[in-house]
Amino acid sequence: MKNGAPLIKVAATWLLILMLAIAAAIITITVVNTNSFGPARTVENYLDALRAGNGAKALGLLHGRVPSANAAVLDGPGLARSQQDLKDVKVGDPVAGPDHSQKVTVSYTIGGQALSTDFKLAQGPKRWLFFDTWSIVPTTLPVLDVSVVNANQASVNGVDVNMPNGKNSFAVFYPGSYSADYKSPLFAAPAVQRSVTDPLVSVPAVTLATGPTGELLSQVGSTIHKYLDACAKQTVLMPANCPMSAATNNRVVSAVKWSIVDYPQVSITPYGGKWIMAPLTVRAQVQYQEQDLFTGAVAPFMHAEDFGFTAKLSIAGNTVGVTPVVSY
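The structure presented is a predicted model; accordingly, all values stated were derived computationally and were not measured.

Let us look at the overall build of the chain. Looking only at helices and strands, the chain has five helices and 20 strands in total. A burial count over the chain gives 35% of its 328 residues as buried. Sequence separation of at least 24 residues holds for 56% of the intrachain contacts in the chain that already meet a minimum separation of 6. Accessible surface, the chain: about 18700 Å² in total, of which carbon and sulfur atoms supply 57%.

Okay, structure coming up:
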C-alpha cells in the first residue's frame, strides 16, 4: 500500500492539471466566441465594410436583398460617405430573442440626433467544432426616392446620378446618412439629407427644389441692364422696341433725355418643365424742354414713371439668351 500512494498522488496531480486545462480551454473558447465569433462581432464586421465602401462584403454579411432600384451608392465612395456623419457609434451587447436569436443594437448620432438600429441574428453551424457563427437575418435594403425640378441629373452622397424625367430611386444600406443635391453653373438645388436607420421604415422622399444660381441671375440682370441702357440712349419720346414712352400736347424744343432710376429685379422660376422670368418693372425718368402751344412759354419737363415688360429665356447648356418683349 505504501508503494501505491505516490502513484495515486501523481495521478491526482495529472487529473487536476487536466481539469484545469479543460477549464482553461472552455474559458478560452467562450472568450473567443464572444469577442471574435459572437453576434456583436458580425455586426461590427458589417459596419466596417460600410465604412470601407465595400458593398459586396456588406451585402454578404447583411444577407440583404437588393430591390429594383439604382445601385449608385451601394459601393465605393457613395457608400463610405454614408457613414461619415455617424458619430459616437456603439455596438451594444447581444440580447437573447425568440428562437435562439440574438438582437444587437447599434447606437449613434447623426447631426447631434441620437438614433439606433437593431440587428437580429440567427446562430449558424459551429466553426472548427467549437466556435459559433452568427448571421444577420436577411432583409430587403431600403429605397431612397429622389426627384429634381427641371433637371435630369443630380448627386447622391457625392456620386453623380442620372435622373430620367427628373426622378430616380436608389437602394441604400443602413444605418447611413444620405445627401442629395444638384449643381450646375446656371441652376442648383440645396442639399437634402435623409437618415436611414431601419429597413422596415420608409425613407421620406427627397425633392430637390432647383432654382437659378447667382451666376445666372447676374448674367440675365446684366443683359437686361444693357438693353435698358441702350433704350435710355434714344433721344425720342418713344424709344423703339423699349418699354418706356412719354407723350405731351406741347412742342418739344430740346433733346429728350432718358435715365434709368431703378432697374428691374430678376426672378426666374420653373413652370411646365421650362424656366420663365417673372414680369419686369423698370422705373425710368424723361426730361426735356417744352413750349406751350398757346402761350409760347418754354419750361423744363421732368417725370419718372414705372414701365412693365417681359423677357423670354432661351437656355442651351450653359449659354443663356434673353429676349425682351414689349407690348404697346
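Take the pattern of salt bridges next. A pair can form between side chains of opposite charge whenever their charged atoms are brought close. Summed over the entire model, instances satisfying the criterion amount to four salt bridges. Residue Glu44 pairs with Arg41 through a salt bridge whose shortest N-O separation is 2.9 Å. With Glu44 and Arg41 both in helix α2 (residues 39–51) and three residues apart, this pair spans about one turn of that helix. Using a relative accessible area of 28% as the deciding quantity, one classes Glu44 as partly exposed. Between Asp48 and Arg51 there is a salt bridge; the shortest N-O distance is 2.8 Å.

Time to look at the state of the cysteines. Summed over all chains, the structure comprises one disulfide. Two residues share a disulfide in this structure: Cys231 and Cys242, whose sulfurs sit 2.0 Å from each other. Disulfide Cys231 to Cys242: torsion about the S-S bond roughly -90 degrees, handedness left-handed. Of the two residues, Cys231 sits in helix α5 (residues 214–232) while Cys242 sits in the loop between α5 and β14 (251–252), which places them 11 residues apart along the sequence. Of the two residues examined, Cys231 and Cys242, each falls in the buried class.

Definitions and cut-offs
- Throughout, residues of each chain are indexed from 1 in the direction in which the sequence is written.
- Predicted model: local features are reported for residues with pLDDT of at least 70 only, side-chain atom pairs are reported and counted for 80 or more only, and whole-chain, interface and lining totals are derived from all residues.
- As a rule here, side-chain values come from all non-hydrogen atoms in the structure, and water together with hydrogens is ignored.
- The helix and strand labels rest on DSSP assignments: H or I over at least four residues marks a helix, E over at least two residues marks a strand, and numbering proceeds from the N terminus.
- Working definition: with a 1.4 Å probe on protein chains only, accessible area under 20% of the residue-type maximum means buried, over 50% means exposed, and in between means partly exposed.
- When checking whether two residues touch, look at their non-hydrogen atoms; a contact exists if any pair is within 4.5 Å.
- To be clear on the numbers: accessible area is Shrake-Rupley with a 1.4 Å probe, and residue cover counts the displayed protein chains and nothing else.
- Salt bridges are defined by distance alone: a side-chain nitrogen of Lys or Arg within 4 Å of a carboxyl oxygen of Asp or Glu.
- Here, two cysteine sulfur atoms that lie within 2.5 Å of each other are counted as a disulfide.

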